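Survey of secondary and tertiary structure
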Amino acid sequence: MREHYREELEDINHCLVEMANSVGSAMNKATTALLDADVALADLVIAGDEHIDAVRESIEERCFTLLARQQPVATDLRTVTTAMRIVGDLERMGDLAVHVAKLARMRFPESAVPAEVRPIFLEAGHVAQSLVTQVGAVIAKLDVEGAAQLEKDDDLMDQLHRQLFTELLSPGWTHGMESAIDITLLGRYYERFADHAVSVARRVVFLVTGERDMQAV
């Protein structure tokens, strides 16, 4: 019985890694759809969110079952409850990829991204992919050092977000209010995607160390 319980915990961890991979793929596709005005790819991201939501529900149900049947304590309890919180962060990251895809779809056949800020969103997409790849590795290995590094790497997304506002507020911005709103929303989506990646990293640190302060790592 105990061996089955440990195997279930390990499989839940594996499912979290797979979910992180799915979320990363969704944001990667959403970024391409945004930059290339690819409505078919945007639709693929939007439709794929149902799978991510279903994975979240499955993991949560398995965690509730473990809590009811095994009544875990100490580290095991922390493992189950942390998994339930991580899956919420990952599901929200998937939602943010959908938001990007929906905005790309709304502006089709035009691109929602003016040429001046295209390099910023291209880089934001790369940073988002890097962060979510790190998230998968941190979850898989319960890597506390990797979690701390991920939070540092999030600074680059914050810098890109500030660059967007510099462009929007410059006298040379000629694309009007509607485009400015689009860019503001998109910048927020990428920033929040990165924030949830950091949240996952912090939860892994708490799982391993029992400490909520990343600086204690």
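Residues numbered from 1 in each chain as written. Predicted model: local features only at pLDDT ≥ 70, side-chain atom pairs only at ≥ 80, totals over all residues. Heavy atoms only, no water.

An unreviewed UniProt entry lists the protein chain under the name Phosphate-specific transport system accessory protein PhoU, with Geodermatophilus arenarius given as the organism. The UniProt entry for the protein chain carries the following comment under Function (unreviewed entry): "Plays a role in the regulation of phosphate uptake." (UniProt positions renumbered as here; feature names shortened; annotations may be inferred.)

Observations concerning the packing of helix α2 (residues 39-70) against helix α3 (residues 74-107)
Close contact between α2 and α3 brings their axes to 9 Å; oriented N to C, the two are set at 165 degrees. Viewed along their axes, α2 and α3 adopt a mutual orientation that is roughly antiparallel. You can see that α2 and α3 cross each other, and the crossing is left-handed. Classifying every residue of the contact of α2 with α3 gives 18 nonpolar, two polar and nine charged. (Axes fitted to C-alpha atoms, helices over the stretch in contact; angles between N-to-C directions. Helix = DSSP H or I, 4+ residues; strand = E, 2+ residues; numbered from the N terminus. Parallel < 35°, antiparallel > 145°, perpendicular 65-115°, else oblique. Left-handed = near helix turned anticlockwise from the far one by under 90°. Nonpolar A, V, L, I, M, F, W, Y, C, P; charged D, E, K, R; others polar.)

Details of the confidence of the model for the protein chain
Summarising the model, the protein chain shows a mean pLDDT of 93, and 96% of its residues fall at 70 or more. Highest mean pLDDT in the protein chain belongs to helix α4 (residues 118-141) (96); lowest belongs to helix α5 (residues 144-168) (93). (pLDDT = per-residue confidence, 0-100.)

Here we look at the environment of T81
With respect to the element layout, T81 can be found in helix α3. Residue T81 is classed as partly exposed on the basis of its relative accessible area of 21%. Residues T81 and L67 lie 14 residues apart in sequence; the distance between their C-alpha atoms is 8.8 Å. Within the structure, the side chain of T81 is placed 3.3 Å from the backbone oxygen of R78, a separation counted as a polar contact. (Buried < 20%, exposed > 50% of the residue type's maximum accessible area, 1.4 Å probe, protein only. Polar contact = N/O pair within 3.5 Å; in protein donor to acceptor, adjacent residues only side chain to side chain.)

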